[in-house]
Protein chains: 2
Amino acid sequence: MPQLQRLTRLRQPWALQAASAALQLQQLNNLESISHVGTGAERSLATKATAASSSRSESWSVPASILAAGAALLGSALLVPGQASAKKELAILPGSKPSPAAAPAKTAGAAAATEPAAAKGQAKDEKGRPIYTREDVAKHKTPKDRVWVTYKEGVYDITDFIEMHPGGASKIMLAAGGSVEPFWGLYQQHKKAEVFAILEPYRIGTLEGGAAAAAAASASLKDPYAGDPARHPVLIPRTQKPFNGETPGSLLAAAAVTPTDVFFVRNHLPVPAVDTQAYRLQVAGEGARALELSLADLQSRFRKHHVTATIQCSGNRRNEMSAVKPVKGLEWDQGAIGTAVWGGVRLRDVLKAAGLSEDDPAVAHIHFEGLDTDPATGDVYGASIPLARALSPEADVLLAYEMNGAPLSADHGAPLRVVVPGVTGARSVKWLGRIVASPSESASHWQRRDYKAFCPSVDWDTVDWDSAPALQEPPVTSAICEPAPGTVLSAADGEVTLRGYAWSGGGRGIVRVDVSADGGRTWAAARLLPPPPGAPAHGAYTGAWAWTLWEATLPLPAAAGSSPGPDSASSSVTLVVKAVDSSYNNQPDSVAGIWNLRGVVNNAWHRVTLPLEP
Amino acid sequence: MPQLQRLTRLRQPWALQAASAALQLQQLNNLESISHVGTGAERSLATKATAASSSRSESWSVPASILAAGAALLGSALLVPGQASAKKELAILPGSKPSPAAAPAKTAGAAAATEPAAAKGQAKDEKGRPIYTREDVAKHKTPKDRVWVTYKEGVYDITDFIEMHPGGASKIMLAAGGSVEPFWGLYQQHKKAEVFAILEPYRIGTLEGGAAAAAAASASLKDPYAGDPARHPVLIPRTQKPFNGETPGSLLAAAAVTPTDVFFVRNHLPVPAVDTQAYRLQVAGEGARALELSLADLQSRFRKHHVTATIQCSGNRRNEMSAVKPVKGLEWDQGAIGTAVWGGVRLRDVLKAAGLSEDDPAVAHIHFEGLDTDPATGDVYGASIPLARALSPEADVLLAYEMNGAPLSADHGAPLRVVVPGVTGARSVKWLGRIVASPSESASHWQRRDYKAFCPSVDWDTVDWDSAPALQEPPVTSAICEPAPGTVLSAADGEVTLRGYAWSGGGRGIVRVDVSADGGRTWAAARLLPPPPGAPAHGAYTGAWAWTLWEATLPLPAAAGSSPGPDSASSSVTLVVKAVDSSYNNQPDSVAGIWNLRGVVNNAWHRVTLPLEP
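If you're wondering where the values come from, they're calculated on a predicted model, not measured in any experiment. (Residues numbered from 1 in each chain as written. Chains lettered and ligands numbered in written order. Predicted model: local features only at pLDDT ≥ 70, side-chain atom pairs only at ≥ 80, totals over all residues. Heavy atoms only, no water.)

Let's shift gears to the overall build of chain A. Summing up its helical and strand segments, chain A has 19 helices and 27 strands in all. The burial tally for chain A puts 59% of its 614 residues in the buried class. Sequence-distant contacts, at least 24 apart, represent 73% of the contacts inside chain A between residues at least 6 apart. (Helix = DSSP H or I, 4+ residues; strand = E, 2+ residues; numbered from the N terminus. Buried < 20%, exposed > 50% of the residue type's maximum accessible area, 1.4 Å probe, protein only. Contact = heavy atoms within 4.5 Å.)

Moving on to the relation of the copies chain A and chain B. Least-squares fitting of chain A to chain B yields an RMSD of 0.3 Å, with the transformation described by 0.1 Å of translation along the axis and a rotation of 180°. The superposition operator between the copies reduces to a two-fold rotation axis. When C-alpha distances to the rotation axis are compared across chain A, the minimum falls at Pro588(A), with a value of 2.0 Å. By residue overlap, the copies meet face to face through one surface: 100% of the interface positions of chain A are interface positions in chain B. (Least-squares fit on C-alpha atoms with pLDDT ≥ 70 in both.)

On to the sheet that holds strand E26 (residues 572-581) of chain A, then. All names here are of chain A. A sheet is described by the order of its strands in space; here five strands give the open sequence E20-E27-E26-E22-E23, paired in mixed fashion. Looking along the sheet, the strands with just one partner apiece sit at the ends: strand E20 (489-490) and strand E23 (524-525). With two bridges connecting them, E20 and strand E27 (residues 606-613) associate as parallel partners. When the sheet's bridge partners are listed, Leu489 is paired in E27 with Leu612. (Pairing = 2+ DSSP bridges.)

All names here are of chain A. Once the domains are mapped, chain A shows domain 1 (131-219), domain 2 (245-449) and domain 3 (476-560 + 568-611). Measuring from the centre of the C-alpha atoms in domain 2 to the corresponding centre in domain 3 gives 28 Å. Listed by partner, the interface residues are 36 residues for domain 2 and 36 residues for domain 3. In total, about 2,900 Å² of surface goes out of reach between domain 2 and domain 3, with carbon and sulfur atoms giving 60% of it. The interface formed by domain 2 and domain 3 contains zero salt bridges. Counting across the interface, domain 2 meets domain 3 through 21 residue pairs in polar contact (both at pLDDT 80 or more). (Domains from an automatic or database assignment. Buried area = accessible area lost by both parts, 1.4 Å probe. Salt bridge = Lys/Arg side-chain N within 4 Å of Asp/Glu carboxyl O. Polar contact = N/O pair within 3.5 Å; in protein donor to acceptor, adjacent residues only side chain to side chain.)

This paragraph deals with the state of the cysteines. Tallying each qualifying case throughout the model produces zero disulfides over all chains. Here Cys481(A) stays free of any disulfide, with the sulfur of Cys313(A) as its closest cysteine sulfur at 16 Å. (Disulfide = S-S within 2.5 Å.)

A ring pair, where both rings are aromatic, is described by two values, the distance of the centres and the angle of the planes. Counted under the stated rule, the structure contains 22 aromatic pairs over all chains. Taking 5.4 Å as the distance between ring centres and 85° as the angle between the ring planes, the aromatic pair formed by Phe454(A) and Trp465(A) counts as edge-to-face. In this pair, Phe454(A) is assigned in the loop between helix H18 (445-448) and strand E19 (477-482) and Trp465(A) in the loop between H18 and E19, connecting sequence segments 11 residues apart. Across the pair, exposure class does not vary: Phe454(A) and Trp465(A) are buried alike. Taking 5.6 Å as the distance between ring centres and 55° as the angle between the ring planes, the aromatic pair formed by Phe161(B) and Tyr202(B) counts as tilted. Taken together, the residues span a long stretch of sequence, with Phe161(B) in the loop between strand E4 (154-157) and helix H9 (169-173) and Tyr202(B) in the loop between helix H11 (193-199) and strand E5 (203-207) at a distance of 41 residues. Between the NZ or CZ atom of Lys325(B) and the centre of the ring of Trp595(B), over which it lies, the distance is 4.2 Å. The cationic tip of Arg598(B) hangs over the ring face of Tyr451(B); the distance from NZ or CZ to the ring centre is 5.6 Å. (Phe/Tyr/Trp six-rings, centres within 6.5 Å; stacked < 30°, edge-to-face > 60°. Lys NZ or Arg CZ within 6 Å of the ring centre and 35° of its normal.)

We now examine the sheet that holds strand E8 (residues 265-266) of chain B. All names here are of chain B. The three strands lie next to each other as E6-E7-E8, forming an open sheet whose pairing is antiparallel. Edge strands, defined here as strands with exactly one partner in the open sheet, are strand E6 (236-239) and E8. As paired strands, strand E7 (residues 244-246) and E8 are joined by two bridges and run antiparallel to one another. Along E8, the bridge assignment pairs Gly245 with Val265.

What follows covers the pairing of strand E18 (residues 432-438) of chain B. The side chains of a regular strand alternate, residue by residue, between the two faces of the sheet. All names here are of chain B. Burial within E18 is extensive, with six of its seven residues counted as buried. As judged from the four bridges shared by strand E9 (residues 281-285) and E18, these two strands associate in the parallel manner. Considered in E18, the bridge of Gly285 is made with Ala437. As defined by bridge partners, strand E13 (residues 365-373) adjoins E18 across six bridges and the pair is classed as antiparallel.

Residue and element names in this part refer to chain A. Applying the stated criterion to the full structure yields 56 salt bridges over all chains. Between Arg499 and Glu551 there is a salt bridge whose closest N-O contact spans 3.1 Å. Here Glu551 lies in strand E25 (residues 548-555) and Arg499 lies in strand E21 (residues 495-503), a separation of 52 residues in the sequence. With relative accessibility at 30%, the residue Arg499 sits in the partly exposed group. Each of Arg389, Glu473, Arg508 and Asp581 takes part in salt bridges that share partners, so that together they form one network.

A word on the environment of Tyr401(A). All names here are of chain A. When you line up the elements, Tyr401 lands in strand E15 (residues 398-403). When the C-alpha positions of Tyr401 and Pro588 are compared, they lie 37 Å apart, and in sequence the two are 187 residues distant. Other than its neighbours up to four places away in sequence, Tyr401 contacts Leu295, Gln299, Lys304, Gly343, Gly344, Val345, Ala406, Pro407, Leu408, Pro415 and Leu416.

At the junction of the two partners, chain A supplies 40 residues and chain B supplies 40 residues. With both chains or domains summed, chain A and chain B bury close to 3,000 Å², and 53% of this area falls on carbon and sulfur atoms. At the junction of chain A and chain B, the tally comes to zero salt bridges. Counting the contacts that link chain A with chain B gives 16 residue pairs in polar contact (both at pLDDT 80 or more). Counting only elements with at least two residues in the side of chain A that touches chain B, the list comes to strand E22 (510-516) and E23 of chain A. With three residues, the single largest contributor to the side of chain A that touches chain B is E22(A). Classifying every residue of the side of chain A that touches chain B gives 22 nonpolar, 10 polar and eight charged. (Nonpolar A, V, L, I, M, F, W, Y, C, P; charged D, E, K, R; others polar.)

To continue, consider unusual backbone geometry. Between Ala414(A) and Pro415(A) the backbone carries a cis peptide bond, its omega angle lying at 5°. If you trace the backbone, Pro415(A) turns up in the loop between strand E16 (406-407) and strand E17 (417-419). Here Lys241(B) and Pro242(B) are connected by a cis peptide whose omega angle stands at 0°. Along the polypeptide, Pro242(B) turns up in the loop between E6 and E7. Positioned with a positive phi, Arg146(A) is a non-glycine residue whose angle comes to about 70°.

Shown next as structure tokens:
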């Protein structure tokens, strides 16, 4: 029962203390979130786990049968897209748009012309459409034979749609002659009414056995996410397959080091099952002696280092961008960030062991390939960083096998992951399989066609991915974690206490955090809390890889009294935070000016508007 | 006639071509500026020089007598403070405020009690005040004897004011027993009616000979700025003594490399006269072998390097901050920035020659001491940078003896200056005299009590200078250089072309420049012009020391037509620019949120509002 083992790790008192401190309100939020997206079995998992945690028990008791049921669930109707995959597809044909209104007539005509069986008194469904067997469908795999697919009990001739597929012809052809459902399960952006509306006009018939047979066939498909670990129920899920879940704000603000079990999870693909004993890290590429290193090799041949570093998803706080104008991506609030003490060996030391040098003119980038694999294409997750960073002793890039003093967990990249301090999370590749030295950047979709920002006027029809560099160091950001959204402030209290985090890329320390209780008209400097263990003093120019937690108590407008301003009479208060890093970079005031189609690097002032009662 | 030689350097065609391109409008602006602040002799200098330049002559003819007269002028009434010195004084007693209303009664009484001569039928002036000789005044240099000073023909007993002096007791005591005028000439914030109003109540008598004798005495005082070089009249002066002048926007946008003669000048103190033959650079401090290097030593013993780097004053665009709320500092528009090709030796190489190492635990900072000296205190200009930057081969810190292919000019630090690429101008110490390795930052006022930014709520009474780190790498910024302020746009043209610069600290390249012709509601990406020679491609993660020039043509609101927005009907257009660096740092939307008492690092969106005619 590996899932059970994961959960019982919560017995560690340090994890539980931090987790329980501010859990109660968030548990309710979280429970609601899970209930909205999950199935019945998932809900009962969440309920039981949460109940155990909120009673502050030091051990959990979740029936293994429930865990197994939860893990084995197939995609429920409301699951949202595997984001990165969605982008990959769209990027292939950025200018094309499916035209459901125009296409069907042509298609229907073509289908009628090439399918004489339909006219030969074949069995018909209740609407008079021909009934086909799976074998019939399987004969139609090429444009020459026409391309058929099934979805539930429907049979579709999509030959004329192939070139219009937003994800590219090659992707949709993977389903030729069979069901699209396994693919829609992977690229879950398909699970929308609009997508079905595009498909439906191409329908040419019905599958033998109808809806019941289709459901049985679907259930027999292997779920590539069946091996995913169980997750702490306090994580607020943004998607289930792949799993992406964020940490509630109050838990972020509760401790400078985020407990592993509540650390946000950002997966692009199914969690791979890696046998630690059999595991070998491959090192290859230009100018490198090929190496194959077991975990024991890494631990015995190289010096162990610890780095306290914050990791943040590029899309953290994306929901504020969506509020301005829809963007594509996980609807993260401010919880796709966390700080851990990572233990492992320096990437630099391993690269040096492979003979790589700063002066090698043939090498400019170091690629990381994950062991997590796209079940449809076989592609692995990948990213790269510039060689200078990889080899710099100051950059502290780690091949980590420990997180917060324990071996890496399955969700965080066991047995080995990259941690690139001060760089956006997408480069800290989990389940690291291979390191490749190269003259050019990783060709991975996630390096070249994602995790970049553009002018607010650029949309999916006009984006030129090559015109912007891959996001490496993110800009300075900050967020209010407490009071939580929905908190009702009382003017009678006279004041409000804010808590949150601030962080910047590139090791630039936080110099100052400014807070406001009047929407940003007036500001006060927050108190910066002590840095986490191993982190330099506040405001360091370099090496500040970890966030700065802060707190501030501000007078509430009505209590401030003397000269009643616009807020004094209002029934709500807008709390704002903005931070300054050691390059004196400030955050932009508003989201609109930095809006970008992928909704990344949102670092506008963070605002929380709360009702104010007398 | 070194001044004449400086001016004739303008014969270099490359300098003149760039300078003349957009000179005519700016010359008018500039001439007005000089006329406002200068005396008659200065005005005639400016007029002649400008006239010669605007006729696009390739050689200048300015009578040496006029140059000498201009250079030797004493402070005229409207000259404004030597900024850094002003701050230094204020910082000593930030909480103290002179109280002219309360002090005089006490002082007058004390003066009467201790000066029996005044009662002994001594000569009186026309208002019945005692007349004193300079010798009388000179006897009063200590609180015990009472402290007297003179200002013009007035004699003042300032004993009771000494402790209230905003610049500190030690500074005002430098004038004890003599005239305050030489000091007011240095710390020109005194030259205001308010300051005279503070002094006047302390008056106890009149100087023998009255106003005429005082004027003659004043004229005989040496002007520490008499040795300053002549400047190109196109520079827009912000102060004359010390000289601070900025480059007109149209000249900034005209060339990726700014011609030396129109490169902005930021002096804190008089320009020192350095004999290049006798010059020796001193290297000293912790862990360093003491070195003494002539310019020839530097040129022969070390490899020559070239770096194309932008230098920007920390206070560039300060005038926008003043518009929100007054700040202390030079009222720079967007022209306190420029880019040059610097030639010299690497600081790293010199430090290595002195035996310094990255691993020396006793050294953390490298200090630079200028040869420019405060005439009143003997203090030299100073600053420091962290050792890691000083020794980094990637940081490209230069000891430069060339600027744009010629030996450094007097205003730009001849014979040797520091150029710290990607770092605020204040650390690129000119007229470099001494390099000192140290465990701590430079104790210089300009390192510790200036060039830092604070929360908008912090004022001169509450500032804690130690709470913020010294500004090193500045944040991403940009500015519209064309159209120039005051340009009238014509809706009939249908469009407007914008030109300007964008730059970020730390070698972070410019990824993108967004421009707007509707005040920031909608944006378009500007075209980035080719990088200057020696600079990396746009968007580089590191080593992008030079700015990026850009241009964009936008439809004018009335011409854009289709859906009339708020601007379509208006008679003005607000052009806006904002840039993004390779850490995806954006500029803040507005100045108010980043306002700080010293008015530094203003990198808000740059806005230019212009009238729109049909």
